[in-house]
Amino acid sequence: MIQDSQIDAFHHVQTAHCENGVTTALLRYHGLEFMTEPLAFGMGSGLFYIQIPFLTVNNGPAISFRTMPGAIFNRTCKSLGVEVKRKKFSNQLAAQDFLEKKINEGVPVGCQVGVFHLTYFPKEYRFHFNAHNLIVYGVEDGKYMVSDPVMEDVTTLSREDLTRVRFAQGPLAPKGHIYYPEKVGVISDDLIRKGIVKGINRNVRDMLRIPGNFAGVDGIRHTANHIRKWRDKLGLKKASLYLGQIVRMQEEIGTGGGGFRFLYGAFLEEAAAYLQDERVAVISEDFTKAGDMWRASAIKMAGIYKGRLTEQKDFEDVADMLVDIRGVEKDAFQKLAKLNLCK
Amino acid sequence: MRCHPFHCFPILFTTMKKEDLPQDPGALDKFTREVCYVKNDDGKYETVLSRGWEVKKDALDSAWVDVNERIEDARQAVIRGEKSPIYYFMELRLMDITVLSGYTGFFGFFIKRHMKPSVFKVLSENKLAKYAQAFDISVNELKIFKG
C-alpha cells in the first residue's frame, strides 16, 4: 500500500516551537535531512519583539517574542528555493475535502489551528489562541494522524475535531489554512549559507531598523516604560496580571525558554559552523546572555504576580531589567550587522 | 542606594546549564514534556526535555484565578438581572466580544445589546441557537439560567 509507505516515511519531530517544528518536519520529509529547529528559526528570521499598540489579548497586553505567524515557514522555504502551496477556505466542507485529497495522495500537510477546542491539549492551556500549527500526515480508522511539534509523540484527531480547530474564530482565525512544500529543488551548501546570511541580515533589520518605537529592540524599552506606569494606572492587581501575561508569552510552550533567545543562540552556533566563521559563534553568547536575562526578569515578575512584591520600586526594577535586556540585544544585533556577512 | 537588579539572582550570572534546567511539574505534566535549549558541558547548545518551570506555572495559575473571578462576577451580574446569560457564557468560555463575534457572525455592537436582559428576552430562536452553538450548550441551557 502506497499510503502506508508514505506514513512510514514521515517522522515526527518534537521542537520547542510549533511553526519551527512544522517547517523542520515537512522539509525533512521532502529530503532536507539537514534541517533543524534552530536553522529553520534563524533562516526564517524568527526572533522579534513587539508590543502591539491598542490591542489586548486575554485581557492583557499583546506582546510577542517572535515574528508573525507563517513567516518562519515562508521565509525558510523561500531561501531554499522550495515552492510552497497555501490555501485558505471560506467553506468548511471544501477545506475537509482538500485535506482528504492531500492525505490520500500521501502528502503530509501543515495546518493552522486554534487551541481552544484542541482536545488533546490540557484544559489549562486552552485559551483562544489561533496561531498554533500541526501536521496531518495520514488517516487511520477514520481519525486523522496528527504530529503536533510541541508534543513528545504523535496523536490523533477525529474529523469533526480537526475541522473545528481549523475553523476556530477570533483574532488570527485560521480559516482552514493549509500549507505544504510543493516543489523542492537541489539544495547546495552554498544555498544554505546564503539562506543563513539572509536570515541574519533580515533579523538585524527587523530588530534594529523597524520604524516605530513599539517593535524591535526599542519595543522592549516601550514595554518597560509602560510597566513603570501600570501600578498607578491599573492598580496593583491588574498590573500584576499584565506581568503574568508577559511571562506567559515569553515562557509559553513553544519558546524553548528565554523568549526564543536561547533558540537564536543555538541558531548562531549552527550558523557559525556552516559559515566557518568563529565571530558568529561569539555573538551567539550574547543571545544566551539575553535569554538568561529574560528568565531573570520573569523570576522578578513572578514575585509580583505571586503577591510577594507589591511596591512601585519592584515595577521599576522589572522595567530596568528590560532596559538592560534591550541594551544587550541591541548590541548583539549591531555586532551581527557589522560582520557584513555576504555570501 | 539602588542595587542592580541582577544582584538578587546570583545564580543567573552563569548561563543555564543542562543540570540547572527547572523540572517543576505543571499543567503539562500528564500531557508532554517540552523541548528546551540549554548549554552542555562543552558550552554547546543541546535540547533537553523539561517538565515545567514554577515561574511559568504561577503565571498560568494567576491567569486562571483571574478567569474564575471574571466568571463568578458574570454569574452574579446575571443573577442580579444586570446582564443576560450571554455575558456569563462568554466569560465561561474565555471569550471576548471579538471572539464571540467570530463564532456567531453578529457584530460586537449587537452582542453588547444582546447582553441586556430586556433585549435578550425577545431574541429569536434563531439567534439564540447561534449563541448556544458558539457556547457548546443547548438553547434551553442558555435561556433558563441555572448559574
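All values reported here derive from a predicted model rather than from experimental measurement.

Peer 1: How would you explain the overall build of chain B if you had to name every residue and give the values?
Peer 2: Check the secondary structure of chain B and you find seven helices and two strands. Along chain B, from the amino end to the carboxyl end, the secondary structure elements read β-β-α-α-α-α-α-α-α. For chain B, the residues scored as buried account for 34% of the 147 residues in total.

Peer 1: Give a description of the domain arrangement of chain A that names residues and reports values.
Peer 2: All names here are of chain A. Domain parsing of chain A yields domain 1 (2-23 + 83-183) and domain 2 (189-335). Computed from C-alpha coordinates alone, the two centres of domain 1 and domain 2 are separated by 30 Å. Facing five residues of domain 1, the contacting portion of domain 2 comprises five residues.

Peer 1: Could you give me a rundown of the packing of helix 7 (residues 189-208) of chain A against helix 9 (residues 261-275) of chain A, with the residues and numbers involved?
Peer 2: All names here are of chain A. Packing of helix 7 against helix 9 brings their axes to within 10 Å, and their N-to-C directions diverge by 135°. Here helix 9 runs oblique to helix 7, going by the angle between their axes. As helix 7 runs across helix 9, the sense of the crossing is left-handed. In contact with I192, R193, I196 and I200 of helix 7, helix 9 contributes A271, Y274 and L275. Tallied by class, the residues present in the contact of helix 7 with helix 9 amount to six nonpolar, no polar and one charged.

Peer 1: Before we move on, could you go through the nonpolar core and cite the residues and values that matter?
Peer 2: Where a protein is soluble and globular, its nonpolar side chains tend to be buried together. The biggest cluster of nonpolar side chains holds 116 residues, and the ones touching the most others in it are V136(A), L243(A), L263(A) and M301(A). When residues no more than four places from it in sequence are discounted, the contact partners of M301(A) are L243(A), I246(A), V247(A) and V318(A). Residues Y88(B), I111(B), M115(B) and F135(B) belong to the second largest nonpolar core, which totals 18 residues.

Cut-offs and rules
Residues numbered from 1 in each chain as written. Chains lettered and ligands numbered in written order. Predicted model: local features only at pLDDT ≥ 70, side-chain atom pairs only at ≥ 80, totals over all residues. Helix = DSSP H or I, 4+ residues; strand = E, 2+ residues; numbered from the N terminus. Buried ≥ 20, exposed ≤ 12 C-beta atoms within 10 Å, placed from the backbone. Domains from an automatic or database assignment. Contact = placed C-beta atoms within 7 Å. Axes fitted to C-alpha atoms, helices over the stretch in contact; angles between N-to-C directions. Parallel < 35°, antiparallel > 145°, perpendicular 65-115°, else oblique. Left-handed = near helix turned anticlockwise from the far one by under 90°. Nonpolar A, V, L, I, M, F, W, Y, C, P; charged D, E, K, R; others polar. Core = buried A, V, L, I, M, F, W, Y, C linked by C-beta atoms within 7 Å.

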